[in-house]
Every structure is written in C-alpha cells, then in structure tokens.
Amino acid sequence: QVQLVESGGGLVQAGGSLRLSCAASGITFSSKAMGWFRQAPGKERAFVVYINPTGSSTYYADSVKGRFTISRDNAKNTVNLQMNSLKPEDTAVYYCAADRDLVLSTTPRGYDYWGQGTQVTVSS
C-alpha cells in the first residue's frame, strides 16, 4: 500500500519560513520523481515544484522560484520543501505526489499517488 504523509505545515507570519516533509512508503522511492502542489480555497490544485529521482534536476513554479527549495533523501524515503520569505498568497494546503513516470509534469494528472496534504497559513 502506497502512503505519502506530509508534515510541517502551520501558521507563520509573512517573511517567515517553514519546512515541509513528505515520508513515502510502499513505493520504490529512489526511482520515483516527486512533486509538490498546493491548493488554496476556491482554486485549482497548482504545481509548486518537481524533483527527479536522484535529486539532480528540479523545476519550480515562477511564483516560488528563489524562495522555495526542494530536496530529497532517498535513504530515508523523504522529500522536503524548504519555504522561505513566505507571503500571504502562499497560504494553501500543500500536497506531495509521486510522478506517474519520469517525465516532468506540472499538472496533477501526471502524478499517481498523493498525500493527504498539510495546511500552510501565512498571515500578513
């Protein structure tokens, strides 16, 4: 059974930082590309960042480039998202997801396993 479990969300003031983690089980993690998405109330789920299986290649949405950093630890089956300089518009539920194949995808249909999400709220 595949499980992706996010943690690390919370409430932070604008300009602050949070670190999200996603622990994976039931998949061969080291062979899976991973992604983070977010969904704000009333909006569609939006791509945040992608990382390839080895961690050597990443791709960020323009809205988070230079502020967010993705990393992964294949020995621990975890993928992390360091979020700095947070803005109120970053408020959303953040989801980690396992890519369906090794091709970079920025849409939800490119991912076949999802976590339950973790809430990030940035106050102004």
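Up top is the structure.
Please read these numbers as outputs of a predicted model, since none were measured by experiment.

**Topic: the state of the cysteines**
And then number 1: According to the stated counting rule, one finds one disulfide in the structure shown.
And then number 2: What pairs with Cys22 in a disulfide is Cys96, and their sulfur atoms sit 1.9 Å apart. With the S-S bond torsion at 40 degrees, the cross-link from Cys22 to Cys96 turns out right-handed. You can see Cys22 sitting in strand β3 (residues 18–25) and its partner Cys96 sitting in strand β9 (residues 92–99), a full 74 residues away along the chain.
And then number 3: Given the relative accessible area of 0%, Cys22 is considered buried.

**What to know about the nonpolar core**
And then number 1: Judged by nonpolar contacts, the single largest core of 34 residues is most densely connected at Trp36, Phe68, Leu81, Met83 and Tyr94.
And then number 2: Counting residues per element, the ones that place at least two in this core are β3, β4 (34–39), β5 (46–51), β7 (68–73), β8 (78–83), β9 and β11 (118–123).

**Section: the packing of aromatic side chains**
The description of an aromatic ring pair uses the distance of the two centres, along with the angle that the planes make with each other.
And then number 1: Overall, the coordinates contain six aromatic pairs when judged by the stated rule.
And then number 2: Arranged with centres 5.0 Å apart and planes meeting at 80 degrees, the rings of Phe37 and Tyr111 form a pair that is edge-to-face. Placement of the pair is Phe37 in strand β4 and Tyr111 in strand β10 (residues 111–114), with a sequence separation of 74 residues.
And then number 3: Its guanidinium or amino end placed over the ring of Tyr95, Arg45 lies 3.7 Å from that ring's centre, counting from NZ or CZ.

Conventions adopted
Residues numbered from 1 in each chain as written. Predicted model: local features only at pLDDT ≥ 70, side-chain atom pairs only at ≥ 80, totals over all residues. Heavy atoms only, no water. Disulfide = S-S within 2.5 Å. Helix = DSSP H or I, 4+ residues; strand = E, 2+ residues; numbered from the N terminus. Buried < 20%, exposed > 50% of the residue type's maximum accessible area, 1.4 Å probe, protein only. Core = buried A, V, L, I, M, F, W, Y, C linked by side-chain atoms within 4.5 Å. Phe/Tyr/Trp six-rings, centres within 6.5 Å; stacked < 30°, edge-to-face > 60°. Lys NZ or Arg CZ within 6 Å of the ring centre and 35° of its normal.

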